[in-house]
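# Breakdown of the fold
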Amino acid sequence: MKFEKIMNSLEDTEHFAMKLANLLVAQDTITLEGDLGAGKTTFTKALAKGLGVTRTVNSPTFTIVKQYEGRLPFNHLDVYRLAESDEDLGWDELFYGDAVSVIEWAHLIEPDLPKERLGIEIYRVSEYERRFVLMPYGKRYEAICEELMK
């Protein structure tokens, strides 16, 4: 099952991310895929804001994971540099702790991801327009997607 939504502006993307943030609880996992410049980090910043994070959120490219405090703890992972790695980096502590996790380039650690999660692919349609494809893995995430489409 897939859900699609077109964002016509940066404001649409921010509103969508904040709406999603209001539906999330501890241990929820969001995976993000999309080309460079598609809007993964922009989406993540808005999601963090919706979770009550007040610190500046930026891509953790060189550190792999950055952690923030909000109404829920928030893990932001960018696993792009792990494409050739077989190292166990303690994913269970991150994914099954008390935080919400967002993982950019998640396909690179596919075997380590929680079975239940929300996959989001972001496609750049034009300078400001983006197409979001949501793929829920599990009933909880299907319900979240249905609520987001309202």
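The rules behind the values
- Residues numbered from 1 in each chain as written.
- Predicted model: local features only at pLDDT ≥ 70, side-chain atom pairs only at ≥ 80, totals over all residues.
- Heavy atoms only, no water.
- Phe/Tyr/Trp six-rings, centres within 6.5 Å; stacked < 30°, edge-to-face > 60°.
- Lys NZ or Arg CZ within 6 Å of the ring centre and 35° of its normal.
- Pairing = 2+ DSSP bridges.
- Helix = DSSP H or I, 4+ residues; strand = E, 2+ residues; numbered from the N terminus.
- Axes fitted to C-alpha atoms, helices over the stretch in contact; angles between N-to-C directions.
- Contact = heavy atoms within 4.5 Å.
- Buried < 20%, exposed > 50% of the residue type's maximum accessible area, 1.4 Å probe, protein only.

This next bit is on the packing of aromatic side chains. Taken as a whole, this structure holds four aromatic pairs when the rule is applied. In this arrangement the basic side chain of arginine 131 is found over the ring face of tyrosine 123, its NZ or CZ atom lying 4.4 Å from the centre. One residue, arginine 140, lies across the ring of tyrosine 141, its end atom 5.9 Å from the ring centre.

Before going further, it helps to spend a moment on the sheet that holds strand β3 (residues 65-68). If you walk across this open sheet you meet the seven strands as β1-β7-β6-β2-β5-β4-β3, and the pairing is mixed. Looking at the sheet topology across the chains shown, the edges are occupied by β1 (3-7) and β3. Adjacent strand axes in the sheet meet at a mean angle of 20 degrees, parallel and antiparallel pairs treated alike. Bridging between strand β2 (residues 29-33) and strand β5 (residues 100-104) involves four bridges; their strand directions are parallel. Bridge assignment links leucine 32 to a residue of β5, and that residue is glutamate 104. Helix α2 (residues 40-50) contacts β2, β4 (74-78), β5, β6 (117-124) and β7 (130-137) of the sheet and is inclined by roughly 170 degrees relative to β5.

Positionally, lysine 19 belongs in helix α1 (residues 10-21). Since its relative accessible area comes to 24%, lysine 19 is described here as partly exposed. Setting aside anything within four residues of it in sequence, one finds lysine 19 in contact with Glu147, Leu148 and Lys150.

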